[in-house]
Amino acid sequence: MAKKNKKKKKELVAEKRELAMIEGILEGSPEGIGVVVVRLECGCRKMAAVSEKGEPASKVIIYRDEAESVCDKCKEDNGAFMRVTESFIHWVDPQPDEEQKQRIHEKVIGTPASTTH
């Protein structure tokens, strides 16, 4: 009997220090069902709430933990896609069904699973 090699993808989750920002974004975005979290190689983060249709439900916020402002590179290029290291959606409970989550994820991030570069 052959064993199936089941590789479970590492699911990205919000870090403790990101959760406060996520809560603040959701508080100001009642139609938000999740927050897109984009981590950049410089340590800065970009976040925005997303609606059930995969549309923006807030402004994009860019910040850097424990810093007064974002890094100089982000000031120049606004956190360019080429510098993204990880991106995922932090869902609000109750979470949408898996099919809706997949649709939104593909529309917003562009791939069916969490992205790690």
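Because the structure is a prediction, the values reported are computed rather than measured.

K.L.:
Break down the overall build of the chain for me, citing the residues and quoting the values.
P.N.:
If you tally the helices and strands in the chain, you get three helices and five strands. In sequence order, the chain lays out its α and β elements as α-β-β-β-α-β-α-β. Looking at the 117 residues of the chain, the share that counts as buried comes to 40%. Of all intrachain contacts in the chain linking residues separated by at least 6 positions in sequence, the fraction that spans at least 24 positions is 53%.

K.L.:
Describe the pattern of salt bridges, with residues and values.
P.N.:
Scanning the entire structure with this criterion turns up eleven salt bridges. Note that Arg39 is salt-bridged to Glu15, the shortest N-O span being 4.0 Å. Here Glu15 lies in the segment before helix H1 (16-27) and Arg39 lies in strand S1 (residues 34-40), a separation of 24 residues in the sequence. Arg39 sits in the buried class, given a relative accessible area of 6%. In this structure, Arg83 engages Asp77 in a salt bridge whose closest nitrogen and oxygen atoms are separated by 2.9 Å. What makes Arg83 buried here is its relative accessible area of 7%. With relative accessibility at 27%, the residue Asp77 sits in the partly exposed group. Where salt bridges share partners, they join Glu15, Arg17, Glu18, Arg39, Arg45, Asp65 and Glu86 into one cluster.

K.L.:
Break down the pairing of strand S2 (residues 44-50) for me, citing the residues and quoting the values.
P.N.:
Most of S2 sits out of view: seven of its seven residues are buried. Neither face of S2 is exposed, since Cys44, Lys46, Ala48 and Val50 on one face and Arg45, Met47 and Ala49 on the opposite face are all buried. Bridge count between S1 and S2: six bridges; the pairing is antiparallel. The residue bridging Gly34 from the neighbouring strand is Val50, located in S2.

About the cut-offs
Residues numbered from 1 in each chain as written. Predicted model: local features only at pLDDT ≥ 70, side-chain atom pairs only at ≥ 80, totals over all residues. Heavy atoms only, no water. Helix = DSSP H or I, 4+ residues; strand = E, 2+ residues; numbered from the N terminus. Buried < 20%, exposed > 50% of the residue type's maximum accessible area, 1.4 Å probe, protein only. Contact = heavy atoms within 4.5 Å. Salt bridge = Lys/Arg side-chain N within 4 Å of Asp/Glu carboxyl O. Pairing = 2+ DSSP bridges.

These values are about where atoms sit, not about what they do.
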